[in-house]
Amino acid sequence: MQKREYLNFEGITISSYEYGEFDKIFNILSPHKGIITAIIKRIRKTSNKNFDYIDVFQKMNFKASITDNFYIIYEAKSVETWFERPIKLTNLSSGNIIAELTINFNSINENNNYIYHLVSKCLKWISNDIFIFTLVYFQIKLLLAEGIFPEINICLNCNNKIQPGDYLLNLIESGIFCNKCSEKTKFSSLKLLEQEIRLLKHIKNTEYDNNLNINNIITKKVELSLYKKLSTYIKFYTNKELKSEKILFSSLNKY
Ligand SMILES: [Zn+2]
């Protein structure tokens, strides 16, 4: 006999899909266990007072029964919702990029609580129409949390301090080579501009709070090209394409 357990937890719904005729499966990010995959039965059939409206990108209090690591949600009450429904395409695709990255990096370590609050904060910024900065901020903080943020202060080859300028970032070695040593890094490299290196350093060392303003100077300086470079760097590690990127790029073009 499998033992049945019960769990109350707060979580953020980050993706969902239909299961069978009436059921739905959600990936729920939680502060203590990382991503929990859970089923809600007959979600499309019944109106049940145990359930508030439930969709992606909502913070909710859940009650679940667990048998053999299989979660069935039997109550879900709304705590916070970031986006008006139906969700605007740019908000949805930005949120989906964060969800995909979170799932790709989901690790069973002590970072879960940090990642949970990071996702929560980033969804709030996206709801305030801060897109590119938020995605770059998320990329940088995720890389730091996973311990794979590149070395950008000293040359990987000669250990000399990197002076302001444009440099090649080597994807395999995960760091910058100075100009004297750049002959050694012709392959698998990305060019980082001086301004981009400066932004990387600044964001790496700064924790912005929930109330980030769209008129913040740094948020305006971060451009899509930096997002794309970091995305290339991340893909090199995860070996996974982000499905939501193309949708984001095409929706940004409409602005
Ligand atoms: Zn060097």
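All of these numbers come straight from a predicted model, not from anything done at the bench.

Conventions adopted
Residues numbered from 1 in each chain as written. Predicted model: local features only at pLDDT ≥ 70, side-chain atom pairs only at ≥ 80, totals over all residues. Heavy atoms only, no water. Core = buried A, V, L, I, M, F, W, Y, C linked by side-chain atoms within 4.5 Å. Buried < 20%, exposed > 50% of the residue type's maximum accessible area, 1.4 Å probe, protein only. Helix = DSSP H or I, 4+ residues; strand = E, 2+ residues; numbered from the N terminus. Domains from an automatic or database assignment. Contact = heavy atoms within 4.5 Å. 1 Å grid on protein atoms, 1.4 Å probe; cavity = no way out; pocket = protein on both sides within 12 Å on 5 of 7 lines; lining within 4 Å. Points joined across faces, edges and corners; volume = space filled by probe spheres on them. Nonpolar A, V, L, I, M, F, W, Y, C, P; charged D, E, K, R; others polar. Buried area = accessible area lost by both parts, 1.4 Å probe. Salt bridge = Lys/Arg side-chain N within 4 Å of Asp/Glu carboxyl O. Polar contact = N/O pair within 3.5 Å; in protein donor to acceptor, adjacent residues only side chain to side chain. Donors = N, O, S within 2.8 Å, 3.2 Å for Na, K, Ca; no water. Tetrahedral: all angles 85-135°; square planar, octahedral: opposite > 155°, others 65-115°. Pairing = 2+ DSSP bridges. Axes fitted to C-alpha atoms, helices over the stretch in contact; angles between N-to-C directions.

Counting residues in hydrophobic clusters, the biggest one holds 65 residues, and the most contacted among them are Phe133, Val136 and Val222. It is helix 3 (residues 132-146) that provides the largest number of residues to this core, a total of 10 residues. A domain-level breakdown of this core finds at least three residues from each of domain 1 (4-81) and domain 2 (89-150 + 186-253). Those residues within four positions of phenylalanine 133 in sequence are excluded, and the remaining contacts are Trp125, Ile203, Tyr208, Leu212, Ile218, Thr219 and Val222.

With that settled, consider the layout of surface pockets. The calculated volume of the largest pocket comes to roughly 220 Å³. Considering the residues around the largest pocket, the lining is formed by Ile14, Ser15, Asn96, Ala99, Glu100, Ile103, Asn104, Glu241, Lys243, Ser244 and Ile247. Contributing elements (two or more residues each) for the lining of the largest pocket: strand 1 (4-19), helix 1 (89-105) and helix 7 (244-253). Among the elements that make up the lining of the largest pocket, the one with the highest residue count is helix 1 (five residues). In terms of residue class, the lining of the largest pocket is made up of four nonpolar, four polar and three charged.

The subject of this paragraph is the domain arrangement of the chain. The domain boundaries assigned to the chain delineate domain 1 (4-81) and domain 2 (89-150 + 186-253). Centre-to-centre, using C-alpha coordinates, domain 1 lies 26 Å away from domain 2. Facing 16 residues of domain 1, the contacting portion of domain 2 comprises 14 residues. Taking both partners together, domain 1 and domain 2 bury about 1200 Å²; carbon and sulfur atoms supply 70% of that area. Between the two partners, domain 1 and domain 2, sit zero salt bridges. Here domain 1 is connected to domain 2 by five residue pairs in polar contact (both at pLDDT 80 or more). Those elements giving two or more residues to the side of domain 1 that touches domain 2 turn out to be strand 1, strand 2 (23-30) and strand 3 (34-40). Ranked by residue count, the leading element in the side of domain 1 that touches domain 2 is strand 1, at five residues. Split by residue class, the side of domain 1 that touches domain 2 holds seven nonpolar, six polar and three charged.

In this section: the coordination of the zinc ion. Taken together, the protein ligands of the zinc ion are Cys155 (SG), Cys158 (SG), Cys178 (SG) and Cys181 (SG), with distances of 2.3 to 2.4 Å. Around the zinc ion, the four donor atoms sit at angles spanning 102 to 114°, and that spread fits a shape best called tetrahedral. If you list the donors of the zinc ion from N- to C-terminus, the spacing comes out as C-x2-C-x19-C-x2-C. Placement of the pair is cysteine 158 in the loop between helix 3 and strand 6 (167-170) and cysteine 178 in the loop between strand 7 (175-177) and strand 8 (189-192), with a sequence separation of 20 residues.

The subject of this paragraph is the pattern of salt bridges. Counting across every chain of the model gives 11 salt bridges. Linking aspartate 55 and arginine 85 is a salt bridge whose minimum nitrogen-to-oxygen distance equals 2.9 Å. Residue aspartate 55 is located in the loop between strand 3 and strand 4 (58-67), and its partner arginine 85 is located in the loop between strand 5 (70-81) and helix 1; the two are separated by 30 residues in the primary sequence. Bridged by salt links that share partners, the residues Lys121, Lys141 and Glu207 form one connected network.

Taking strand neighbours across the sheet as the criterion, the three strands line up as 7-6-8 in an open arrangement whose pairing is antiparallel. If you trace the sheet from one side to the other, it starts and ends with strand 7 and strand 8, each paired once. Across this sheet, the average inter-strand angle for adjacent strands is 40°, counted without regard to direction. Note that strand 6 and strand 7 share three bridges and pair antiparallel. Its bridge partner lying in strand 7, leucine 168 is registered against phenylalanine 177.

Taken together, the nine bridges between strand 1 and strand 4 define a ladder with antiparallel strand orientation. Bridging across to strand 4, phenylalanine 9 finds its partner in phenylalanine 62. Where strand 1 lies against strand 2, seven bridges are found, and the strand directions are antiparallel. Looking at strand 2, one finds that threonine 13 is bridged to isoleucine 28. A loop of three residues connects strand 1 with strand 2, the two strands running antiparallel in sequence, and glycine 20 in this loop sits at a positive phi of about 65°.

Attention now goes to the sheet that holds strand 3. An order of 1-2-3-5-4 is seen for the five strands of this closed barrel, with the pairing classed as mixed. For this sheet the average axis-to-axis angle between neighbouring strands, irrespective of direction, equals 50°. Strands in contact with helix 1 are strand 1, strand 2 and strand 3; relative to strand 1, the strand with the most contacts, it is inclined by about 125°.

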